[in-house]
Amino acid sequence: MKKELKKKYLLSALVCVAVVTGIIYYYFFEGFSTKDKTEYVCIDSNDNIDSVYSKLSPFASKHGMCAFRTLARHMQYADKIRTGRYAITPGDGAFSVFRHMRNGQQAPVSLTIPSVRTMDKLAGEISKRLLMDSTTLYRALTDEATCQKLGYDTATIACLFIPNTYDVYWNIPVDKFLEKMQKENNRFWNPTRSQKASQLGLTHNEVITLASIVDEETANNSEKPMIAGMYYNRLKLRNAEYPKGMPLQADPTIKFAWKRFELKRIYNNLLSIKSPYNTYKNPGLPPGPIRIPSIAGIDAVLNRIHHNYLYMCAKEDFSGTHNFAETYKEHMDNAAKYAKALNERGIK
């Protein structure tokens, strides 16, 4: 009789343990999210425990939210909220979600550096993807001391950024972000690229500056090495007429000097601007890039096509490609064709 009673008690106890275990598993380890794809929650420095709950609620299951609140209450999470971007994948339980958020185990952001013209635009675009304040980043990029620490100045700081895609944490501070960009820049300039730049007689910054002009001239990657070759010929030309080198006479630098990127035509009255970016008046390269160039643009300079062309003009068929010429007379003939086509279309 006693044995049967013990068995009943033991069975009851096992059932109770199983039920409790099932409840615990259901609440703390069963899927927290109701979605069938990974969701992300971003916690910033202004969040408190209530706003964290509000950010989780749209995709949290009722039992998962209940378990998260329980864990938060017993683990004093309200006093230990950590900023970050956290991934909540299908199948993650409340315990896993809570542990990641409490320990600051973030999911990185795939950040693509955009090929933009100005540093305020860059700061604005990056701030859309990261917690980083655009004003804080812009101030760093226009601060001489910060730029010098990284090996640049305010004119060349754009050379720091290679427009690749990088994994960074959403709440990365400005200084750590710039340090990461410096490491990625060093990785980009591998021995092969560095050797090619050296053979051209150009520094890394000069290659990028020239590439920025090439990129502004065309979106046609197959033509970029040809354009790079033409500008390189001008840059290196030395004769009685151009003892300091032939001016690049690159229209995109005039747009940059005026900060009038919408211009379709460059008239003579625009060429008088006093600016180090006026490559009609100043020989050699401008002080720095006129945009963050594409990798295709950079490699086009490093792998320029060898030819004797000194001039180019957009083709009159508006194909986005160019007519090249060795002599000024040939160039003027090409320019007349293009001007006629512009006039016929009423483009000013």
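About the cut-offs
Sequence positions are assigned chain by chain, starting from 1 and proceeding in written order. Residues qualify for local features only when their pLDDT is at least 70, as the model is predicted, and side-chain atom pairs are given and counted only at 80 or more; totals for whole chains, interfaces and linings, by contrast, use all residues. To get the side-chain values, all heavy atoms of the structure are used, and hydrogens and water are removed first. Within this scheme a cavity is a closed region of a 1 Å grid, computed over the protein atoms alone, that accommodates a 1.4 Å probe without allowing it to escape, whereas a pocket is open but has protein on both sides within 12 Å along at least five of seven lines; lining residues each have an atom within 4 Å of a point. Grid points are joined across faces, edges and corners, and a volume is the space filled by probe spheres set on the points. The way it works is that DSSP assigns letters per residue, a run of H or I at least four long becomes a helix, a run of E at least two long becomes a strand, and they are numbered from the N terminus. Gly is placed with the polar residues, together with every amino acid not listed as nonpolar (Ala, Val, Leu, Ile, Met, Phe, Trp, Tyr, Cys and Pro) or charged (Asp, Glu, Lys and Arg). Between 30 and 60 degrees the pair is tilted, below 30 it is stacked and above 60 it is edge-to-face, where a pair is any two Phe, Tyr or Trp rings, Trp via its six-membered ring, whose centres lie within 6.5 Å. Whether a charge sits over a ring comes down to the Lys NZ or Arg CZ being within 6 Å of the ring centre and within 35 degrees of the ring normal. Here's how the labels work: a residue is buried when its accessible area is under 20% of the maximum for its type, exposed when over 50%, partly exposed in between, all with a 1.4 Å probe on protein chains only. Think of it this way: DSSP has to see at least two bridges between two strands before they count as a pair. Here an axis means a line fitted to C-alpha atoms, over the contact stretch when the element is a helix, while the angle between two N-to-C directions is reported on a 0 to 180 degree scale. Relative orientations are named as follows: roughly parallel for angles under 35 degrees, roughly antiparallel for angles over 145 degrees, roughly perpendicular for angles from 65 to 115 degrees, and oblique for any other angle. When the near helix sits turned anticlockwise from the far one by under a right angle, the crossing is termed left-handed; a clockwise turn instead gives a right-handed crossing. Should any heavy atoms of two residues lie within 4.5 Å, those residues are counted as being in contact. Domain ranges listed in this record stem from an automatic or a database domain assignment. Buried residues of nine kinds, namely Ala, Val, Leu, Ile, Met, Phe, Trp, Tyr and Cys, make up a nonpolar core once their side-chain atoms join them within 4.5 Å.

**Student:** For this particular structure, what's the right way to read the layout of surface pockets?
**Tutor:** Rolled over the atoms, a probe sized like a water molecule indicates the empty space that remains. In this structure, the largest pocket spans a volume of roughly 1,400 Å³. Taken together, 41 residues make up the lining of the largest pocket; nearest its centre are Asp251, Lys264, Ile266, Ala314 and Tyr338. Listed by contribution, the elements that provide at least two residues to the lining of the largest pocket are α10 (204-217), α11 (224-236), α12 (251-258), β5 (311-314) and α14 (328-345). With eight residues, the single largest contributor to the lining of the largest pocket is α14. Counted by class, the lining of the largest pocket contains 24 nonpolar, seven polar and 10 charged residues. The calculated volume of the second largest pocket comes to roughly 230 Å³. Taken together, 15 residues line the second largest pocket, and the ones lying closest to its centre are Arg117, Thr118, Met119, Thr154 and Phe256. Listed by contribution, the elements that provide at least two residues to the lining of the second largest pocket are α5 (119-127) and α6 (134-141). Broken down by class, the residue content of the lining of the second largest pocket amounts to nine nonpolar, three polar and three charged.

**Student:** How do you make sense of the packing of aromatic side chains when you look at a structure like this?
**Tutor:** Enumeration over the complete set of coordinates arrives at 12 aromatic pairs. In textbook terms, an aromatic cluster arises when at least three aromatic residues are bridged by ring pairs, as seen for Phe32, Tyr53, Phe68, Tyr77 and Phe98. Directly above the aromatic system of Tyr53 lies the positively charged group of Arg69, at a separation of 4.1 Å from the ring centroid. For the cation-ring pair, Arg85 lies above Tyr40, with the distance from its terminal atom to the ring centre recorded as 3.8 Å.

**Student:** Sorry, what's going on with empty space enclosed by the protein here?
**Tutor:** Within this structure, the stated rule accounts for one cavity of 30 Å³ or more. When its volume is computed, the largest cavity comes out at roughly 30 Å³. It is α12 that provides the largest number of residues to the lining of the largest cavity, a total of three residues. Residue composition of the lining of the largest cavity, by class: four nonpolar, no polar and three charged.

**Student:** Explanation requested: the pairing of strand β4 (residues 165-168) in the structure shown.
**Tutor:** Side chains Tyr166 and Val168 of β4 all project onto a buried face; the interleaved residues Thr165 and Asp167 project onto a face where none is buried. Judged from the four bridges that link them, strand β3 (residues 109-112) and β4 form a sheet pairing that is antiparallel. What sits directly across from Leu111, in β4, is Tyr166.

**Student:** Mind showing me how you'd approach the environment of Lys337 here?
**Tutor:** By the element assignment, Lys337 lies in helix α14. According to the relative accessible area criterion, Lys337 is partly exposed, its value standing at 45%. Taking C-alpha positions, Lys337 is 39 Å from Ile157, a pair spaced 180 residues apart along the chain.

**Student:** Explanation requested: the packing of α11 against helix α13 (residues 295-302) in the structure shown.
**Tutor:** Helix-helix packing is characterised by the crossing angle of the two axes and by the distance between the axes. Relative orientation of the contacting elements α11 and α13 amounts to 50 degrees, with a least axis distance of 8 Å. Relative to α13, the element α11 is oriented oblique. α11 and α13 meet at a crossing whose hand is right-handed. Residue-level contacts link Lys224, Pro225 and Ala228 of α11 to Ala296, Gly297, Ala300 and Val301 of α13. Residue composition of the contact of α11 with α13, by class: five nonpolar, one polar and one charged.

**Student:** I would appreciate a short explanation of the domain arrangement of the chain in the present structure.
**Tutor:** Here the domain parsing of the chain yields domain 1 (24-103), domain 2 (108-188) and domain 3 (191-307). Once you take the C-alpha centre of each, domain 1 and domain 3 turn out to be 52 Å apart.

**Student:** Which parts of the structure should I look at to understand the nonpolar core?
**Tutor:** If you look at soluble globular proteins, the nonpolar side chains tend to sit buried side by side. Of all hydrophobic cores here, the largest spans 61 residues; its most connected members are Ile113, Phe161, Phe177 and Leu178. It is α11 that contributes the most residues to this core, seven residues altogether. When residues of this core are assigned to domains, at least three map to each of domain 2 (108-188) and domain 3 (191-307). Apart from the residues lying within four places of it in its own chain, the contact partners of Phe177 are Leu111, Ile113, Ile126, Leu130, Met132, Leu137, Phe161 and Ile172. Residues Phe32, Val41, Ile43 and Ile49 belong to the second largest nonpolar core, which totals 21 residues.

**Student:** Looking at this model, I keep getting lost on the side chain of Asn334. Mind explaining?
**Tutor:** Of note, Asn334 is situated in helix α14. Residue classification places Asn334 among the buried residues on the basis of a relative accessible area of 11%. Contacts of Asn334, omitting those with residues within four sequence positions, involve Cys313, Asn323, Phe324 and Ala325.

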